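Here are the chains, one letter per residue:
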Amino acid sequence: MFGKPFVRTLISRSAENRTDRRRFLKAAGAAGLGVVGATYLGVQATSSASATGEAAAAAAPSDAAVLNFALNLEYLEAEFYSFAVHGRGLPDDLTGGVGAQGGVVGGKKVMFHDKTLHQFAKEIAGDEVAHVKFLRGALGEAAVSRPEIDLKDSFTAAARAAGLISEYQRFDPFANEKNFLLAAFLFEDVGVTAYKGAAPLITNKTFLDAAAGILASEAYHAATIRTSLFDRGLGDAAAKISNARDTLDGPGDDDQGILLGNQANIVPTDNNGICFGRGADRVLNVVYLNPGPVREGGFFPKGVNGDIVASGGA
């Protein structure tokens, strides 16, 4: 439907013409944008102002690298919610691509008794699968494959680290609604901070616009999960997860639970009402369940695919 010259023109003019931007994003959904590939997504703005500026631009990750990093996280969320709601993961045609393709360990359907929570979970599951489809379509042949994902032992390790269970117990995120919500809380807040942290790295305004849209979606999801936890009186358990994330992602105490004192804290912001972001390396600290500089572990036993794969460290 859209040839390479047309797509190239949209990308180059996306910062100038709102209509072109809408047409481009529509093309991403309707045509898959396989024609874009790595060539156009990896383009970085260059500056002739100074050699320092050029060096900084060259050192920054490409837009494709940033979007592929996000795709790894979307695979994880989509698998978790799909299993919880439908009892099955992503279809095979949404898991292939660049890099080693892995399977999913664990995952099963949650027996929802709360009809409202079930509706929430179904809507979020649909959004997460749609994010996978969108990013894969936008990246085209440059899209990474789904890495190996652990939805079983990783949750037990996270729950033990947070002090939710003892070292002799296991945590099944699909066993009941309470466990499902606590597991979702672990993911959703990380997803929001990941997109916030990645935003400054995206140079093309079309892709930045799309990433901002996904960030907004993830923020709605996170608020829904946080509200559901608050309604069920799970503030203490959520605080333990928040503290564990803070321990994993380096110095600082930015992560917040769902309570401040005895009051609701549905939107975790600073004094200016602004949410914080995590760099990709700190996001990987959390999902690898390791505070050190590693390349695999936790929910991604063999690491993520793409150019951004290493966690940070103290």
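The coordinates are above.
Keep in mind the model is a prediction, meaning the values are calculated, not measured.

### Examining the packing of aromatic side chains
Aromatic ring pairs are defined here through the distance separating the ring centres and the angle between the ring planes.
So, step 1. Counted by the stated rule, this structure contains 10 aromatic pairs.
So, step 2. Pairing Phe80 with Tyr81 gives two aromatic rings, centres 5.1 Å apart and planes at 70 degrees, and the pair type is edge-to-face. Here Phe80 matches Tyr81 in class, with each residue buried.
So, step 3. Summarising the aromatic geometry, the rings of Tyr81 and Phe180 are spaced 6.0 Å apart at their centres and angled 80 degrees between planes, so their arrangement reads as edge-to-face.

### Regarding helix H5 (residues 63-86)
So, step 1. Taking 1.5 Å as the rise per residue, H5 with 24 residues should run 34 Å; its terminal C-alpha atoms sit 33 Å apart, in good agreement.
So, step 2. For H5, a buried count of 23 out of 24 residues is recorded, marking the element as mostly surrounded by other parts of the structure.
So, step 3. Gly87 occupies a position one or two residues after H5 and carries a positive phi of about 80 degrees.

### Remarks on the side chain of Asn265
So, step 1. By the element assignment, Asn265 lies in the loop between strand E4 (263-264) and helix H11 (280-287).
So, step 2. The exposure class of Asn265 is buried, given its relative accessible area of 6%.
So, step 3. At a separation of 2.9 Å, a polar atom in the side chain of Asn265 contacts the main-chain carbonyl oxygen of Gly257.
So, step 4. Apart from residues no more than four positions distant in its own chain, Asn265 is found in contact with Arg226, Gln256, Gly257, Ile258, Leu259 and Leu260.

### Topic: the nonpolar core
So, step 1. Phe80, Phe155, Phe180 and Leu229 are the most contacted members of the largest nonpolar core, which totals 72 residues.
So, step 2. Broken down by element, this core gets its largest block of residues, 16 residues, from H5.

### Regarding the packing of helix H6 (residues 115-139) against helix H8 (residues 177-198)
So, step 1. Between H6 and H8, whose axes approach to 13 Å, the crossing angle comes to 35 degrees. At the point where H6 passes H8, the crossing takes the left-handed sense. On H8, the residues that touch Leu117, Ala121, Ile124, Glu128 and Leu135 of H6 are Glu177, Phe180, Leu181, Glu188 and Tyr195.
So, step 2. Its residues assigned to classes, the contact of H6 with H8 shows seven nonpolar, no polar and three charged.

Parameters and conventions
Residues numbered from 1 in each chain as written. Predicted model: local features only at pLDDT ≥ 70, side-chain atom pairs only at ≥ 80, totals over all residues. Heavy atoms only, no water. Phe/Tyr/Trp six-rings, centres within 6.5 Å; stacked < 30°, edge-to-face > 60°. Buried < 20%, exposed > 50% of the residue type's maximum accessible area, 1.4 Å probe, protein only. Helix = DSSP H or I, 4+ residues; strand = E, 2+ residues; numbered from the N terminus. Expected span 1.5 Å × (residues − 1). Polar contact = N/O pair within 3.5 Å; in protein donor to acceptor, adjacent residues only side chain to side chain. Contact = heavy atoms within 4.5 Å. Core = buried A, V, L, I, M, F, W, Y, C linked by side-chain atoms within 4.5 Å. Axes fitted to C-alpha atoms, helices over the stretch in contact; angles between N-to-C directions. Left-handed = near helix turned anticlockwise from the far one by under 90°. Nonpolar A, V, L, I, M, F, W, Y, C, P; charged D, E, K, R; others polar.

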